[in-house]
Amino acid sequence: MIGIENVKQQIDGLEPLKALRLMTELFPGQVVFSTSFGLEDQAITHLIFSNNLPINIFTLETGRLFPETYYVWNRTMEIYGKPINAYYPQAEPLQQMVNAKGPNSFYESVDNRKECCGIRKVEPLNRALAGNECWVTGIRAEQSVNRQFMDDLEWDEQHQLIKFHPIFNWTLDEVKYYINKHNIPYNTLHDKGFPSIGCQPCTRAVQPGEDFRAGRWWWEDQDKKECGLHELIIDNK
């Protein structure tokens, strides 16, 4: 396996498209991109699909997404004519949780919410990443306090792969400009005050001046607003 420091040296200073193409050359057939169909993910999807990059795109179908998310998912497949692989939660643990605690137990405690995220998102993600060497994401530094301490290229100890955020240093305005310039389909909830869009019961619009992630799990403390998909990584290997 190629060391992360070696990859950092080769990728340093490259624009997102060139960086993504390099990753496919370094890890042929083992680069995947996870999309939740937000603005950032749609920009990266366009980079991948319009340039025919050999990167498999997948999404986590939690069963609790907004209708607008399903629309942009379908529209994206129609426009680019390429597949987006869906990973669903396993039926048995999902049924056990809902039967024991009800469909909205995540409102009752952080532990319950993390349990729900674990079943609907984290476990399916583990299956999606298995056997791959590079995980591409739409993370940007300004999205949350925790993410400002991340780097655009990291070693993911849990999944034993390199994690790459090609538009990590883009501002939200830059993302929007790119979306408009290339006429990329996007989730219309972004026009209604939803900067970050996840499961419908756990996402609301934010008010002017509120933090970017204020609309996600709004009933919890700000420093707890990660679902387990993107843990803070301090020591890159």
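Residues numbered from 1 in each chain as written. Predicted model: local features only at pLDDT ≥ 70, side-chain atom pairs only at ≥ 80, totals over all residues. Heavy atoms only, no water.

### Side note on the pattern of salt bridges
One pass over the structure, following the stated rule, counts 6 salt bridges. Put simply, Lys8 and Asp151 hold a salt bridge, and the shortest N to O gap is 3.6 Å. Taken together, the residues Lys8 in helix H1 (residues 4-11) and Asp151 in the loop between strand E4 (134-136) and strand E5 (153-156) connect sequence positions 143 residues apart. Take Asp151: its relative accessible area is 29%, and that puts it in the partly exposed class. (Salt bridge = Lys/Arg side-chain N within 4 Å of Asp/Glu carboxyl O. Helix = DSSP H or I, 4+ residues; strand = E, 2+ residues; numbered from the N terminus. Buried < 20%, exposed > 50% of the residue type's maximum accessible area, 1.4 Å probe, protein only.)

### Considerations on the packing of helix H3 (residues 39-50) against helix H4 (residues 67-80)
Running from amino to carboxyl end, H3 crosses H4 at an angle of 20°, the nearest separation of the two axes being 11 Å. What the angle tells us is that H3 and H4 run roughly parallel. Along this stretch, H3 crosses H4, giving a crossing that reads as right-handed. Along its contact with H3, which presents Gln42, Thr45, His46 and Phe49, the element H4 presents Val72, Thr76 and Tyr80. Tallied by class, residues from the contact of H3 with H4 come to 3 nonpolar, 4 polar and no charged. (Axes fitted to C-alpha atoms, helices over the stretch in contact; angles between N-to-C directions. Parallel < 35°, antiparallel > 145°, perpendicular 65-115°, else oblique. Left-handed = near helix turned anticlockwise from the far one by under 90°. Contact = heavy atoms within 4.5 Å. Nonpolar A, V, L, I, M, F, W, Y, C, P; charged D, E, K, R; others polar.)

### Focus on the packing of aromatic side chains
In the structure shown here, the tally under the stated rule is 11 aromatic pairs. Taken together, a centroid distance of 5.6 Å and an interplanar angle of 45° make the contact between Phe49 and Tyr80 tilted. Placement of the pair is Phe49 in helix H3 and Tyr80 in helix H4, with a sequence separation of 31 residues. Side by side, Phe49 and Tyr80 carry an identical accessibility label, which is buried. In textbook terms, an aromatic cluster arises when at least three aromatic residues are bridged by ring pairs, as seen for Phe106, Tyr107, Trp218 and Trp219. When the ring centre of Trp217 is taken as origin, the NZ or CZ atom of Arg113, which lies over that ring, is 4.3 Å away. Against the face of Trp217 rests Arg216, its NZ or CZ located 4.8 Å from the ring centre. (Phe/Tyr/Trp six-rings, centres within 6.5 Å; stacked < 30°, edge-to-face > 60°. Lys NZ or Arg CZ within 6 Å of the ring centre and 35° of its normal.)

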